Amino acid sequence: MSVNKIAIFVEGQSELVFIRNLLRQLFDNSSIVFDCIKLHGSQTVDIPYKHCPPEPTAYFQIINVENDSKVLSAIKEREQKLFQNGFSKIIGLRDMYSKEYRKRVEGCINDEVNNKFVESHDNVISFMSSPEKISFHFSIMEIEAWWLGMETLFEKVDSRLNSQFIGEYLDFFLESIDPETSFFHPAETLKQILALVNIPYDKKLGQVESITSKISIEDVETLLRTEKCASFKKFYESLLSSTGDEKE
Amino acid sequence: MFLDTLGYVEVDRDGNEWSIDDFSFDKINLMVGQNSTGKSRTLNVINALGGLLAGERQITFSGKFCPVFRKDDKSKIKYLLEHRDHKVIKETLQIKEKSFLERGPDGEGTIYAEELGQDIKFQVPDSLIASVAKRDAIQHPFFDNLYEWGKSLRFYQFGTYLGRDRFAVFNENGGKDTLDLKNTDSVVVFLKKGQKEFGKEFVEEIISDINGIGYNITEIGVRPLLQVLTPSPMAIPEAIYIKESEHNHVVEQNEISQGLFRALSLFIQLRFSARFGIPSLILIDDIGEGLDYERSTKLISSIIKIAKSSKVQLIMTTNNRFVMNNVPLEYWVVLIRNAGNCRALDYRNSKEMFDNFEMTGLSNFDFFSSKYYERASDVSK
């Protein structure tokens with residue numbers, strides 16, 4: 001049986017850990033294999049997240065490029081070789097929140113600017129060797145917005161962190177807002193929520209692991225059933241279709 | 001005082017013209033461009049201009065320099081020097097749009113005299129530059145700005161040995177009678193003299209600089225080079241040595257890797273130069289050449305930090321992708337050559353193009369390697 005090979009380029013450690021855990025939730029662990037790689041300069045460094053079952057049907061290579069503005073460059077540099085080496089799809093993921101974005105807006109989400117970033121990226125991809133095999137995604141504004149969309153996730157981190165408790169202190173109720181349109185800097189919002197129970201958050205590996213390991217398939221499916229986090233839905237569909245394993 | 005813009009035209013002895021359109025410079029500048037677009041040549045032109053204004057070199061065949069300088073108070077100094085066949089044919093100086101010097105092909109002209117408060121006539125030999133020949137702190141103090149600018153300009157060619165192949169022989173006092181701060185091959189002398197005059201602090205600064213870019217040096221100094229057989233015990237050449245923390249033995253100058261030596265030499269010279277007054281302009285050709293990702297990245301950050309924290313202006317050239325990726329596009333000057341003419345795209349004249357590129361999510365190097373600027377300027381045409 002041939003193995004479907006997919007490369008996923010992400011901007012940082014949080015995205016890598018989240019996707020690795022998501023893949024484990026979405027697919028039968030005995031059928032997928034994945035490698036996690038970090039790009040340092042133009043060199044690749046293996047990072048210890050290997051998962052190698054004996055007879056996989058899908059191979060995911062997750063590449064952390066360690067810089068939001070280098071995700072597309074890293075794809076551009078490697079896409080031809082990856083396709084020559086049998087990869088069937090490349091997926092890119094980065095945050096919309098970036099230095100370049102902040103330069104263009106005044107501390108708030110601007111749909112017009114979002115669209116310009118998306119169009120500019122799509123335009124670059126259209127000049128690549130097989131644009132139809134490359135899909136690029138922005139988490140809006142950051143990947144933490146997707147976690148904020150999973151309303152009951154924080155109760156699993158600390159049982160006090162239900163929507164009511166958070167709302168009392170922070171003046172918003174997670175069940176009634178779309179984090180994608182509400183929070184300009186979702187990582188900061190996440191930090192404020194966790195600070196309510198004295199848990200620090202500054203994107204350290206252990207902290208990201210601790211949160212993302214608690215994301216279950218139910219959290220994902222619940223989020224997909226809502227109108228929230230449209231950017232997550234697109235990314236999720238792209239991930240599923242990459243293996244030809246569309247779910248309803 | 002900063003170099004604000006520079007235009008230049010030169011005609012060689014075969015009648016071939018090479019020119020640069022008015023390049024505009026900011027405080028920090030990184031010139032990039034394909035090979036043979038004129039990056040190094042532009043630095044050579046600026047260096048030559050500095051040498052001419054400081055009276056350190058003579059005019060040669062044919063050329064026309066049109067620099068504009070910007071003083072700290074934002075006022076502009078416009079200077080023009082045109083020469084042909086070793087003779088000046090035109091020289092003018094305007095400050096805040098007022099003429100201070102007008103000089104024609106026969107060496108005759110008028111110059112403003114401060115004490116008299118009026119223009120006076122003068123004549124100098126046609127091979128001399130009036131702004132140098134007529135320097136006078138009382139009557140013509142306005143030339144001092146140009147002189148000081150040229151005198152304190154420094155030019156480092158990072159892709160060369162930067163003194164690695166030069167040793168030094170010192171006199172009994174451990175120094176040299178004259179020291180040319182512009183001679184970048186004199187690195188052994190700079191280190192020895194710096195050590196002697198400024199002591200331990202000078203050496204520690206250099207060790208900190210070099211370790212800051214990823215090396216582990218514990219000691220730097222100058223000592224007689226034992227490996228060289230010399231004809232006389234009176235003339236033992238001295239050379240730089242280092243000690244690295246992981247190997248506690250001495251590594252002599254000729255054994256130091258080229259990349260490390262270039263970085264070391266640059267830091268020694270920058271620190272030495274700074275001790276003798278802040279340079280007006282530092283030119284560095286091929287910055288990062290021969291260094292790996294980690295070190296070239298840190299080197300460029302370190303140099304930009306030094307420039308940002310002082311009044312010095314910095315113009316660098318590179319083809320190194322790591323350097324390009326670590327220098328913000330605001331500092332870029334992209335050279336485009338069309339036959340014998342070079343023009344430059346930068347954030348000041350092509351802001352929209354640079355802003356649009358930022359949204360593509362590509363790295364700075366892609367701006368250069370994919371020739372994005374050519375496509376974008378074609379579209380704008």
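The model shown is predicted, which means the values in this text are computed figures rather than measured ones.

Here we look at the overall build of chain A
A tally of regular secondary structure across chain A gives 12 helices and six strands. Radius of gyration (C-alpha) of chain A: 18 Å, near the 18 Å computed for a compact globule of 248 residues. Taking the principal axes of the C-alpha coordinates as reference, chain A spans close to 55 × 45 × 35 Å. Classification of the 248 residues of chain A by burial places 56% in the buried group. Carbon and sulfur atoms make up 47% of the accessible area of chain A, which totals about 11300 Å². With 28 positive and 39 negative side-chain charges, chain A shows a spacing of 7 Å between the two charge centroids.

Description of the overall build of chain B
Scanning chain B from N- to C-terminus turns up 11 helices and 17 strands. The C-alpha radius of gyration computed for chain B amounts to 23 Å, which stays within 12% of the reference 21 Å derived for 381 residues, consistent with globular compactness. Counting only C-alpha atoms and orienting by the principal axes, one finds that chain B spans roughly 65 × 60 × 45 Å. Among the 381 residues that make up chain B, the fraction classed as buried is 53%. For chain B, restricting intrachain contacts to residue pairs at least 6 apart in sequence, the fraction spanning at least 24 positions comes to 60%. Summing over all exposed atoms, chain B offers an accessible surface of approximately 17100 Å²; the carbon and sulfur share of this is 47%. Here chain B contributes 48 positively and 54 negatively charged side chains, and the mean placements of these two sets differ by 1 Å.

Concerning the interface of chain B and chain A
Taken together, the 17 residues of chain B in the interface contact 19 residues of chain A. Here chain B and chain A share an interface that buries about 1600 Å² over both sides, 51% of which is from carbon and sulfur atoms. Three residues stand out in chain B for area buried against chain A, namely B:E358, B:M359 and B:L362, and they jointly supply 37% of the buried area on that side. Remark: the boundary between chain B and chain A carries five salt bridges. Contributing elements (two or more residues each) for the side of chain B that touches chain A: α7 (293–308), α8 (321–326) and α9 (351–358) of chain B. Residue composition of the side of chain B that touches chain A, by class: five nonpolar, six polar and six charged.

Structural notes on the nonpolar core
Grouped together as the largest cluster of nonpolar side chains are 99 residues, with contacts concentrated most on A:F9, B:I220, B:I240, B:I284, B:I287, B:W332 and B:F367. With nine residues, the top contributor of residues to this core is helix α6 (residues 258–275) of chain B. Counting contributing residues, this core receives three or more from each of domain 1 (2–153 + 280–376) and domain 2 (164–278) of chain B. The residues contacting A:F9, other than those within four sequence positions of it, are A:I63, A:V65, A:V71, A:A74, A:I75, A:R78, A:L82, A:I90, A:I91, A:G92 and A:L93.

Some details on the sheet that holds strand β11 (residues 217–224) of chain B
All names here are of chain B. Strand order in the open sheet formed by three strands is β11-β12-β13, with antiparallel pairing between adjacent strands. Where the open sheet ends on each side, the last strands, each with one partner, are β11 and β13 (250–252). Each neighbouring strand pair of the sheet contributes to a mean axis angle of 30 degrees, computed without reference to strand direction. Bridge count between strand β12 (residues 238–244) and β13: three bridges; the pairing is antiparallel. Among the inter-strand pairings, I242 is bridged to a residue of β13, identified as V251. Where helix α4 (residues 187–198) meets the sheet, it contacts β11 and β12, and its direction lies at approximately 105 degrees from that of β11.

As for the side chain of B:D285
Mapping B:D285 onto the fold places it in strand β14 (residues 281–285). Leaving out residues up to four positions away in the same chain, B:D285 has contacts with B:S40, B:L43, B:F155, B:Y156, B:Q157, B:F158, B:G159 and B:T317.

What to know about the pattern of salt bridges
Within this structure, the stated rule accounts for 37 salt bridges over all chains. Residues A:E66 and A:K38 are paired through a salt bridge, measuring 4.0 Å at the closest nitrogen-oxygen approach. Of this pair, A:E66 sits in the loop between β4 (58–64) and α2 (71–84) while A:K38 sits in strand β2 (residues 32–40), and the two are 28 residues apart along the sequence. When its relative accessible area of 26% is taken as the criterion, A:K38 is described as partly exposed. Between B:R348 and B:D26 there is a salt bridge, with its nearest N and O atoms 3.4 Å apart.

Points about the domain arrangement of chain B
The figure often quoted for interface size is the accessible area lost as the parts come together. All names here are of chain B. Entries for chain B in the domain assignment read domain 1 (2–153 + 280–376) and domain 2 (164–278). Taking the mean C-alpha position of each, domain 1 and domain 2 sit 30 Å from one another. If you look at the interface, domain 1 gives 21 residues, while domain 2 gives 12 residues. When the two sides are added together, the surface that domain 1 and domain 2 hide from each other amounts to roughly 1300 Å², 66% of it contributed by carbon and sulfur. Together, R295, L299 and I306 form the three largest contributors to the area buried by domain 1 at its contact with domain 2, with a combined 32%. On inspection of domain 1 and its partner domain 2, the count reaches one salt bridge. We note a salt bridge from E56 to K182, for which the minimum N-O separation is 2.8 Å.

A few points about the packing of helix α1 (residues 13–26) of chain A against helix α10 (residues 205–212) of chain A
All names here are of chain A. Running from N to C, α1 and α10 point in directions that differ by 30 degrees, and their axes come no closer than 10 Å. With respect to α10, the axis of α1 lies roughly parallel. The handedness of the crossing between α1 and α10 is right-handed. On α10, the residues that touch Q13, S14, V17, F18, R20 and N21 of α1 are L205, V208, E209 and T212. Class assignment of the residues belonging to the contact of α1 with α10 gives a composition of four nonpolar, four polar and two charged.

As for the layout of surface pockets
Quantified by volume, the second largest pocket comes out at close to 400 Å³. A:S69, A:K99, A:E100, B:N325 and B:N364 are the residues nearest the centre of the second largest pocket, which is lined by 19 residues in total. When contributions to the lining of the second largest pocket are tallied by element, the ones reaching two or more residues are α3 (99–104) of chain A together with α7, α8 and α9 of chain B. Across the lining of the second largest pocket, the residue classes tally to six nonpolar, seven polar and six charged.

Describing the packing of aromatic side chains
Going through the model one piece at a time under the given rule, you end up with 33 aromatic pairs over all chains. With centroids separated by 5.0 Å and ring planes inclined at 55 degrees, the aromatic side chains of A:F165 and A:Y169 adopt a geometry described as tilted. One end of the pair is A:F165 and the other is A:Y169, both in helix α7 (residues 163–170) and four residues apart, which spans about a single turn. Linked through ring pairs, B:W332, B:Y347, B:F354, B:F357, B:F367, B:Y372 and B:Y373 together constitute an aromatic cluster.

What counts, and where the lines are drawn
Residues numbered from 1 in each chain as written. Chains lettered and ligands numbered in written order. Predicted model: local features only at pLDDT ≥ 70, side-chain atom pairs only at ≥ 80, totals over all residues. Heavy atoms only, no water. Helix = DSSP H or I, 4+ residues; strand = E, 2+ residues; numbered from the N terminus. Rg over C-alpha atoms; globule rule 2.2 N^0.38 Å. Buried < 20%, exposed > 50% of the residue type's maximum accessible area, 1.4 Å probe, protein only. Areas by Shrake-Rupley, 256 points an atom, 1.4 Å probe, with all protein chains shown as cover. Lys, Arg positive; Asp, Glu negative; His and termini not counted. Charge placed at Lys NZ, Arg CZ, Asp CG, Glu CD. Contact = heavy atoms within 4.5 Å. Buried area = accessible area lost by both parts, 1.4 Å probe. Salt bridge = Lys/Arg side-chain N within 4 Å of Asp/Glu carboxyl O. Nonpolar A, V, L, I, M, F, W, Y, C, P; charged D, E, K, R; others polar. Core = buried A, V, L, I, M, F, W, Y, C linked by side-chain atoms within 4.5 Å. Domains from an automatic or database assignment. Pairing = 2+ DSSP bridges. Axes fitted to C-alpha atoms, helices over the stretch in contact; angles between N-to-C directions. Parallel < 35°, antiparallel > 145°, perpendicular 65-115°, else oblique. Left-handed = near helix turned anticlockwise from the far one by under 90°. 1 Å grid on protein atoms, 1.4 Å probe; cavity = no way out; pocket = protein on both sides within 12 Å on 5 of 7 lines; lining within 4 Å. Points joined across faces, edges and corners; volume = space filled by probe spheres on them. Phe/Tyr/Trp six-rings, centres within 6.5 Å; stacked < 30°, edge-to-face > 60°.

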